[in-house]
Amino acid sequence: MLRVAVVGSGPSGCYTAQTLVQLDPEVRVDVLDRLPCPYGLVRYGVAPDHEKIKSLQGSLRTVLEHERVRFLGGVRVNGPGGLSVERLRALYHAVVYCVGAAADRHLGIPGEELPGSWSATEFVSWYSAHPDAVDAGFVHGVRSAVVIGVGNVAVDVTRMLARGAGELRPTDMPQAALDTLAASGVAEVHMVGRRGPSQARFTTKELRELGGLPGTEVSVDPAELALDPGYADPSALPAVQRRNVEALRGWAAAAPRQTERRIRLRFFLRPVEVLAEGGRVGAVRFERTAPDGLGGVKGTGQYEDLPAQLVLRSVGYRGVPLEGLPFDAGSGTVPHREGRVLRDGAVSPGEYVAGWIKRGPTGVIGTNRPCAKETATSLLVDAPALVREGVPDDALPALRAAGVEPVPWAGWQAIERAEAELGARLGRGVVKLADWGALLGAARTG
């Protein structure tokens, strides 16, 4: 009987497990996760006010509750106290790494490390109750914020900064983050891209949500839009970009309103320096860019400073090396062939990858389905050569002998009950537990 470990319980890990059990009637899969909670970025990356997307947890739950799939949370692979790649390989016939892309890209500009300058991921982790996140005082004393990037994550954090307490209270946001955001004095958010509106990465649905925020005006500079060749005649643009331009046209033509908060969408501005004031972020200096005729932009030598006490960069993710696995630093991925890990160009038997660590941080949640299917199919083709002597029927005793006490599915269900009870006490719906102690304490009652 084939025994497989899937490292990571986000969409790519769950879809890999799902494909394996669908295609092989005997395979057994352990889905391991460093956290005591499953679902990866669906739990810790999707904005709390996006209930429809968060509802995908239901389909992932179905996978993890399959009779031949077992969730084992709180299992670290590598790092202090973690299982080595070699040890994991000895406990299973095959291992599939679905570890995502955990690092943020940096801007590489002076002042980027000033207090008040953060990655958008750090901010998202905080309001999503990731147990590794810290309350860094993101919005304390902030009147104006700059979000660098024009993708969906940039839109998410912009929206969270502008949302009022009444809109956030029905979400599962941890109480401390809710209280902090509700009391914030953020009055202006600039979301800035170095290229034009027709090249922005956000989806139209996400973009239009900004225009529906109570007490918030969205403004766009018509002169900046006009710099984009695709703006004057958007008919040749792909459908999403064309709809984006139409939405931006509407805001550019709207008369100014007196509102409590303002979101300013800016284009053709490239960050060159984060400027300090009193030892922390005080402004961001941008260089005006212009289309270079080749699909990119070039600098113009003209500069503009935007005052800000908070900078959030949302310019993409990168995979990080996992000790014991090969790694391509250029692409931030593990070298592979149809999901099979390559060592020095040759297939490494029993080692596989899926998700962002396989293909890079691209696509949406659904993109993980075909990616996982390809990897799982490769694994099952290889299966006859993978089954070997010495692999235990059940890896759990060996994990415990190594000092690892996994959080089982019942432990996760206990966490869910504790979060529901917390929400009831606070007069809200489900409210997430936000620290390791609370999560593990709840899990032990399962």
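Everything that follows concerns the structure shown earlier in this document.
Only a predicted model underlies this, so the values are computations on that prediction, with no experimental measurement involved. (Residues numbered from 1 in each chain as written. Predicted model: local features only at pLDDT ≥ 70, side-chain atom pairs only at ≥ 80, totals over all residues. Heavy atoms only, no water.)

> Just to check I follow, could you spell out unusual backbone geometry for this structure?
Only a minority of non-glycine residues have a phi that is not negative, and only a minority of peptide bonds are not trans. Here Tyr-39, not a glycine, exhibits a phi torsion of approximately 90 degrees, which is positive. With respect to the helices and strands, the residue Tyr-39 is situated in the loop between strand E2 (28-32) and helix H2 (41-44). For Tyr-39, a relative accessible area of 0% translates into the label buried. Phi is positive for Glu-338, which is not a glycine, with a value near 50 degrees. Tracing the sequence through the fold places Glu-338 in the loop between strand E16 (336-337) and strand E17 (340-343). Residue classification places Glu-338 among the partly exposed residues on the basis of a relative accessible area of 45%. (Helix = DSSP H or I, 4+ residues; strand = E, 2+ residues; numbered from the N terminus. Buried < 20%, exposed > 50% of the residue type's maximum accessible area, 1.4 Å probe, protein only.)

> Looking at this structure, how should I read the sheet that holds strand E11 (residues 269-277)?
Whenever strands of a sheet pair, they do so through backbone hydrogen bonds, lying parallel or antiparallel. Read across the open sheet, the three strands follow the order E11-E12-E13; overall the sheet is antiparallel. Only two strands of the sheet have a single neighbouring strand rather than two, namely E11 and strand E13 (297-307). Across this sheet, the average inter-strand angle for adjacent strands is 25 degrees, counted without regard to direction. By the bridge criterion, eight bridges tie strand E12 (residues 280-291) to E13 in an arrangement that is antiparallel. When the sheet's bridge partners are listed, Ala-283 is paired in E13 with Pro-307. (Pairing = 2+ DSSP bridges. Axes fitted to C-alpha atoms, helices over the stretch in contact; angles between N-to-C directions.)

> Looking at this structure, I do not really get the side chain of Ser-198. What am I missing?
Take Ser-198: it is sitting in the loop between strand E8 (188-192) and helix H10 (204-210). With relative accessibility at 12%, the residue Ser-198 sits in the buried group. Polar side-chain contacts of Ser-198 include one of 2.8 Å to the side chain of Asp-228. When sequence neighbours within four positions are dropped, the list of residues in contact with Ser-198 reads Asp-228, Gly-230, Leu-237, Gln-241 and Val-245. (Polar contact = N/O pair within 3.5 Å; in protein donor to acceptor, adjacent residues only side chain to side chain. Contact = heavy atoms within 4.5 Å.)

> What is the right way to read the pairing of strand E1 (residues 3-7) from this model?
Put simply, side chains in a regular strand alternate between the two faces of the sheet. Counting buried positions over the five residues of E1 gives five, a clear majority of the element. By the alternation rule, side chains of E1 split into Arg-3, Ala-5 and Val-7 and Val-4 and Val-6, which are all buried. In this sheet, E2 lies alongside E1 in parallel orientation, the contact comprising five bridges. Residue pairing for E2: Ala-5 is matched across the bridge by Asp-30. Remark: the E1/helix H1 (residues 11-23)/E2 crossover connection has right-handed handedness. In this sheet, strand E4 (residues 94-97) lies alongside E1 in parallel orientation, the contact comprising four bridges. Paired with Val-7 across the two strands is Tyr-97, which belongs to E4. (Right-handed = clockwise from strand over helix to strand, strands pointing away.)

> Which parts of the structure should I look at to understand helix H15 (residues 368-386)?
Helical geometry: 3.6 residues make up each α-helical turn, so side chains three or four residues apart lie on a common side. Along H15, the helix axis deviates most sharply at Leu-380, where the bend reaches about 35 degrees; the proline Pro-384 sits within four residues downstream. Among the residues of H15, Asn-368, Cys-371, Ala-372, Thr-375, Ala-376, Ser-378, Leu-379, Leu-380, Asp-382, Ala-383 and Leu-386 are the ones counted as buried. (Bend = angle between axes of the 7 residues up to and from the residue.)

> Please explain the sheet that holds strand E7 (residues 144-148) as it appears in this structure.
Strands sit in the order E6-E14-E7-E8-E10-E9 across an open sheet of six strands; the sheet is parallel. The open sheet terminates on both sides in strands that have one partner only, identified here as strand E6 (117-119) and strand E9 (216-220). Averaged over neighbouring strand pairs, the angle between their axes works out to 20 degrees when direction is ignored. Where E7 lies against E8, five bridges are found, and the strand directions are parallel. Each residue of the ladder has a partner; that of Ile-148, found in E8, is Val-192. Helix H13 (residues 239-253) rests against E9 and strand E10 (261-266) of the sheet, and its axis sits at about 105 degrees to E9.

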